[in-house]
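Given next are the chains, with one letter for each unit.
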Amino acid sequence: MSKAKLVYILSLRNAAADKAGQYIDFKGEQRYMKSPLEYLAEALDGTPLGDAYSLEGIVYDDDAHSPRDQAVLADYGFAWHPDRKWIFPKDLQAQGRLLRDMLHAVPSTYRRLPLDSADRVAAKSAYERTLLDKLLTLQADVVVLDGLLIILDELVRPGAHFHRKMVNIHPGITRIESPYERRGACATLDALHGVQGSKVVNWATMEKVPAPTVTKTGASLHYVDNGIDSGEVIFDVLGTDIAPEDTILELRWNNFNRSLFPALYQGLALLAPHVRRASAG
């Protein structure tokens, strides 16, 4: 059976916030911050996952004309350059191809518009159509989202081409019934508040309320739907202890290595037979 064609989508600004591809301070020493994308590239070359999937492209949504994106990516830029930091090593390959040659920009320019703009809905729809065109051009059978920071609407609705063909790797447990549940863009920070016995109920004002203390967090690979990390879970791992003195980057490093990478691997392994059958049909 042929390999399923995989396309990876991320926001560079989220990777930059993680200091992906760089060394970080970690409790008095230096540790390398490997991104989920770098982990996946290595897994496709060194594990049976490479027998199931071929990486066809890497799409990012960052907007080179947005002052906010320019500020966040000041150290990285919007494309690999030999004189800048980058989110993965310059010579990193997957299945014989340089990752830096697999990058495709599909800017989410609608984010420049105010949230209450009358034009924003149409601009968001246009972005999703452009993204769909790119995924179809790359002949994607399955799409992995990693820190995209966008709620997709049209691409994953029931009946849409990528309904149940798009999955997200999230640095938190997304099962709503779990006491460790942490959804949304602030899942790691939310977990840090949890170990201190509080829960943020308004991220704009940082209003907190007392909550049961949690000492663990994890990661989930789940289908993408129209909600915030609310899709059906394919595989999750609750494998990361939280210390009250952890910084956000220390917890991110721990959670990537102890929970997120295993959830990504095992989830894609479980998904592979279904994706390959669908692509063959």
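Residues numbered from 1 in each chain as written. Predicted model: local features only at pLDDT ≥ 70, side-chain atom pairs only at ≥ 80, totals over all residues. Heavy atoms only, no water.

A. Region of the structure containing the overall build of the protein chain. From N to C terminus, the protein chain includes 7 helices and 13 strands. Taking 281 residues into account, the globule formula puts the C-alpha radius of gyration at 19 Å, and the protein chain, at 18 Å, falls close to it. Projected onto its principal axes, the C-alpha coordinates of the protein chain cover approximately 50 × 50 × 45 Å. Taking all 281 residues of the protein chain together, 51% fall into the buried category. Roughly 13000 Å² of accessible area belongs to the protein chain as shown, and the carbon and sulfur atoms make up 52% of that amount. Across the protein chain, the centroid of the 32 positively charged side chains sits 2 Å from that of the 36 negatively charged ones. (Helix = DSSP H or I, 4+ residues; strand = E, 2+ residues; numbered from the N terminus. Rg over C-alpha atoms; globule rule 2.2 N^0.38 Å. Buried < 20%, exposed > 50% of the residue type's maximum accessible area, 1.4 Å probe, protein only. Areas by Shrake-Rupley, 256 points an atom, 1.4 Å probe, with all protein chains shown as cover. Lys, Arg positive; Asp, Glu negative; His and termini not counted. Charge placed at Lys NZ, Arg CZ, Asp CG, Glu CD.)

B. Fine view of the environment of phenylalanine 26. Here phenylalanine 26 lies in strand β2 (residues 23-26). When the C-alpha positions of phenylalanine 26 and threonine 247 are compared, they lie 8.5 Å apart, and in sequence the two are 221 residues distant. Not counting chain neighbours up to four residues away, the residues in contact with phenylalanine 26 comprise Arg31, Glu250, Trp253 and Asn254. (Contact = heavy atoms within 4.5 Å.)

C. Inspection of the pattern of salt bridges at higher detail. On inspection of all chains with the given rule, the structure shows 19 salt bridges. For aspartate 190, the salt bridge goes to lysine 199, with nearest N and O atoms at 2.9 Å. Judged by its relative accessible area of 25%, lysine 199 is partly exposed. A single salt-bridge network, built from bridges that share partners, covers Arg13, Asp61, Asp62, Asp69 and Arg111. (Salt bridge = Lys/Arg side-chain N within 4 Å of Asp/Glu carboxyl O.)

D. Spatial organisation of the packing of aromatic side chains. By the definition in use, this model includes 6 aromatic pairs. Seen from their ring centres, tryptophan 86 and phenylalanine 88 are 6.2 Å apart, and the 85 degrees between their planes marks the pair as edge-to-face. For tryptophan 86, a relative accessible area of 4% corresponds to the buried category. Overall, phenylalanine 88 belongs to the buried group, its relative accessible area being 2%. Feature note: the residues Tyr39, Phe256 and Phe261 constitute an aromatic cluster, connected by ring pairs. (Phe/Tyr/Trp six-rings, centres within 6.5 Å; stacked < 30°, edge-to-face > 60°.)

E. Up close: the nonpolar core. Residues Tyr53, Ile87, Leu99 and Leu268 are the most contacted members of the largest nonpolar core, which totals 55 residues. The biggest single contributor to this core is helix α7 (residues 248-280), with 12 residues. When sequence neighbours within four positions are dropped, the list of residues in contact with leucine 268 reads Leu6, Leu40, Leu49, Tyr53, Val144 and Leu221. In this structure, Val59, Tyr110, Leu131 and Leu155 belong to the second largest nonpolar core, which totals 20 residues. (Core = buried A, V, L, I, M, F, W, Y, C linked by side-chain atoms within 4.5 Å.)

F. A look at unusual backbone geometry. Notably, lysine 27 is not glycine yet its phi reads approximately 50 degrees, a positive angle. Inspection of the secondary structure puts lysine 27 in the loop between β2 and β3 (29-32). The partly exposed category is assigned to lysine 27, whose relative accessible area is 45%. Unlike most non-glycine residues, glutamine 139 shows phi in positive territory, near 60 degrees.

G. Structural context of helix α6 (residues 187-195). The buried fraction of α6 is high, at 8 of 9 residues. Among the residues making up α6, those that are buried are Ala187, Thr188, Asp190, Ala191, Leu192, His193, Gly194 and Val195. Phi turns positive one or two residues past the end of α6, at glycine 197, with a value near 80 degrees.

H. Quick peek at the pairing of strand β11 (residues 207-210). Pairing of strand β10 (residues 198-202) with β11, which is carried by 4 bridges, proceeds in the antiparallel orientation. Bridging from a neighbouring strand, serine 198 pairs with proline 210 of β11. Linking β10 back to β11 in an antiparallel pair, the connection comprises 4 residues, with methionine 206 at a positive phi of about 60 degrees. (Pairing = 2+ DSSP bridges.)

I. Molecular detail of helix α5 (residues 120-137). When the terminal C-alpha atoms of α5 are compared, their 26 Å separation across 18 residues agrees well with the 26 Å that a helix rising 1.5 Å per residue should span. Where α5 is buried, its residues touch β1 (4-10), β4 (53-60), β8 (142-146) and β9 (166-170). Just past α5, the residue glutamine 139 takes up positive phi, approximately 60 degrees. (Expected span 1.5 Å × (residues − 1).)

Geometry only, nothing functional implied.
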